[in-house]
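As a plain string of letters, each chain reads:
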Amino acid sequence: MKFFLSVLLLICILFSCKKEPVKQTDNPNIEVGAFQFMPMFFGSKWTYKIYDMKPTKTLKGMEYYKYDSVPDVIYIFNTIYQQTGYASWYKSKTDINTFYSGNNRVLFNTNFIDSTKGKQFVLGKDNNSAQYIYGGLDTLETKFGKIPCIVTSGESFKSSKYIWKRHFGKGYGVMKYESFTIQNRDTFYHTVDELDSYFINRP
């Protein structure tokens, strides 16, 4: 009888402690999909060093990113031009794998992580420009260690071609942004922004 009561008590305790599993949609701050590579939490900030790559890698200035006042908008201050600007990036409300830019273009997604590493896919294209994403994850050497990144790039189709490349680091956001202009096969204005410090205000 005592054994039966003990078993019954144990069953009651187990069922009373059981909790309903938390669905991903119950908590919008869970880092899944594209949010893993662009953790947009209010109160976060990122600091970048800007390097001039031509003729040699020389520290040129700093950029400060803050996400602390308007949803989906990151405010940017550039010490070179002493100007404040902003970037509008937002996660899709219907597709957790996609982030968009302010002009409603796909900024990046996680759809090609399982594809052949380095294989190029078109994210968007028009008469003036094209945007690409690359399969797999690129391992970027940073001051924070080796960071797995989604890589995107783009180019303009004008006489002086403008080319850029971004690395979105898992758990960090933008790790590196590189841009340069090519005119008559010569490279001009080659700069690289590298993440120097950050604070992501995770709950």
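Counting from 1, residues in each chain are numbered in the order their sequence is written. A pLDDT threshold of at least 70 governs which residues receive local features in this predicted model, and a stricter bar of 80 or more applies before side-chain atom pairs are shown or counted, although totals over entire chains, interfaces and linings include all residues. Side-chain descriptors were evaluated using all non-hydrogen atoms of the structure, hydrogens and water having been removed beforehand.

> Would you mind showing me how to read the nonpolar core here?
Side chains that are nonpolar tend, in soluble globular proteins, to be buried together. Definition of nonpolar core: a set of buried residues of the types Ala, Val, Leu, Ile, Met, Phe, Trp, Tyr and Cys, connected through side-chain atoms within 4.5 Å. Type-normalised accessible area, obtained with a 1.4 Å probe on protein chains alone, sets the label of each residue: buried when under 20%, exposed when over 50%, and partly exposed for intermediate values. Counting 31 residues, the largest nonpolar core has M38, I74, W89, F99 and F108 as its most contacted members. Strands here mean DSSP runs of E at least two residues long; helices mean DSSP runs of H or I at least four residues long; both are numbered from the N terminus. When contributions to this core are tallied by element, the ones reaching two or more residues are β1 (44-52), β2 (58-67), β3 (73-78), β4 (83-91), β6 (106-109), β7 (120-125), β10 (145-156) and β12 (173-183). Counting residues per element, this core draws most heavily on β10, at 3 residues.

> What should I look at first to understand the packing of aromatic side chains in this one?
Geometrically, a pair of aromatic rings is defined through the distance of the ring centres and the angle of the planes. Within 6.5 Å between ring centres, the rings of Phe, Tyr and Trp (the latter by its six-membered ring) count as paired, and their orientation is classed by plane angle as stacked under 30 degrees, edge-to-face over 60, tilted in between. Taken as a whole and assessed by the stated rule, the structure comprises 10 aromatic pairs. Centroid distance Y48 to Y65: 4.8 Å. Interplanar angle 50°. Geometry classified as tilted. Taken together, the residues Y48 in strand β1 and Y65 in strand β2 connect sequence positions 17 residues apart. With 5.7 Å between their ring centres and 20° between their planes, Y90 and Y100 make a pair best called stacked. You can see Y90 sitting in strand β4 and its partner Y100 sitting in strand β5 (residues 98-101), a full 10 residues away along the chain. For Y100, a relative accessible area of 22% translates into the label partly exposed. One aromatic cluster is present, formed by F99, F108 and F168 through successive ring pairs. Across from the ring centre of Y51, 4.6 Å away, lies the NZ or CZ of K57, which sits over that ring. Over the ring of W164 we find R166; its NZ or CZ atom is 4.9 Å from the centre of that ring. A ring is scored as having a charge over it whenever the NZ atom of a lysine or the CZ atom of an arginine sits within 6 Å of its centre and within 35 degrees of its normal.

> Sorry, what's going on with unusual backbone geometry here?
Glycine aside, the phi torsion of most residues is negative, and most peptide linkages are trans. With an omega of 10°, the peptide bond between K54 and P55 qualifies as cis. Topologically, P55 is positioned in the loop between β1 and β2. You will see that Q82, though not glycine, has its phi angle at about 55°, which is positive.

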